[in-house]
Amino acid sequence: GVVAVACSSWDDPQLFFPQSYESSYHKLHDCRFGAHPAGEYIVSWVNDAGHATHEAGTYPYPAGTVFIKAQYTDKNCTEVSRYTVMHKAATGTAANSGDWEWQHVGAAGEVNECCQVDGCISCHAPFAKCDYVATGCKQ
């Protein structure tokens, strides 16, 4: 089952991204149906640390890069259901996933799963040439 970790609010330092991400992150695409197994509408974002790498397509991403996949219940992307977040950790943190860690975060900022690499990397492995990031990867 899902094990809740200590993170329980937007202010928790363990959360990989701030509540104000829409004003400080770069939007990568408009609302669209996502390929995620949950089958929801999504908008993807990246922080400043990874933006230049994403735009240039020069990999790997630097440590500190954060991608947010905001997931919505409606086709207009107005009702957030949850977030799936990728964080590029320090070299050697998670060698089997290119040092990426993931979080599943609820709409209120609560972390429902933290750093569950094995389940996430299985879908991201085909994007190894883009440092495991699917969004914008030219296959």
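Below is a summary of the structure that appears in this document. Just so it is clear, the model here is predicted, and its values are computed rather than measured.

## So, the pattern of salt bridges
Then step 1. For the structure on display, the rule yields 3 salt bridges.
Then step 2. Residue K27 is joined to D30 by a salt bridge in which the shortest nitrogen-to-oxygen separation is 3.3 Å.
Then step 3. Under the relative-accessibility criterion, K27 is labelled partly exposed at 46%.
Then step 4. By relative accessible area, which is 56% here, D30 ends up exposed.

## Observations regarding the pairing of strand β4 (residues 66-72)
Then step 1. Judged by how many residues are buried, β4 sits mostly within the fold: 7 of 7 residues are covered.
Then step 2. Strand direction decides the pairing type here: strand β3 (residues 41-46) and β4, joined by 6 bridges, are antiparallel. Bridge pairing in β4 places S44 opposite K69.
Then step 3. Relative to strand β5 (residues 80-88), β4 is paired through 7 bridges, and the arrangement is antiparallel. Within the sheet, the bridge partner assigned to K69 lies in β5 and is T84.

## Some points on the state of the cysteines
Then step 1. Counting across every chain of the model gives 2 disulfides.
Then step 2. What pairs with C31 in a disulfide is C77, and their sulfur atoms sit 2.0 Å apart. Disulfide C31-C77: torsion about the S-S bond near 75 degrees, hence right-handed. Here C77 lies in the loop between β4 and β5 and C31 lies in the loop between β1 (26-27) and β2 (32-33), a separation of 46 residues in the sequence.
Then step 3. Judged by its relative accessible area of 28%, C31 is partly exposed.
Then step 4. With relative accessibility at 13%, the residue C77 sits in the buried group.
Then step 5. Residue pairing for C130: its cysteine sulfur links by disulfide to C137, the two sulfurs lying 2.0 Å apart. Disulfide C130 to C137: torsion about the S-S bond roughly 75 degrees, handedness right-handed.

About the cut-offs
- In every chain, residue numbers begin from 1 and rise along the written sequence.
- Note on the predicted model: pLDDT of at least 70 is required for a residue's local features to be given, and 80 or more for side-chain atom pairs to be given and counted; whole-chain, interface and lining totals, by contrast, use all residues.
- Computation of side-chain values covers all heavy atoms of the structure but excludes hydrogens and water.
- Between Lys or Arg on one side and Asp or Glu on the other, a salt bridge is scored when a side-chain nitrogen of the former is within 4 Å of a carboxyl oxygen of the latter.
- Working definition: with a 1.4 Å probe on protein chains only, accessible area under 20% of the residue-type maximum means buried, over 50% means exposed, and in between means partly exposed.
- Only DSSP runs of H or I with at least four residues qualify as helices, and only runs of E with at least two residues qualify as strands; both kinds are numbered from the N terminus onward.
- At least two bridges found by DSSP between two strands is the condition for calling them paired.
- Cysteine sulfur atoms are paired as a disulfide whenever they fall within 2.5 Å.

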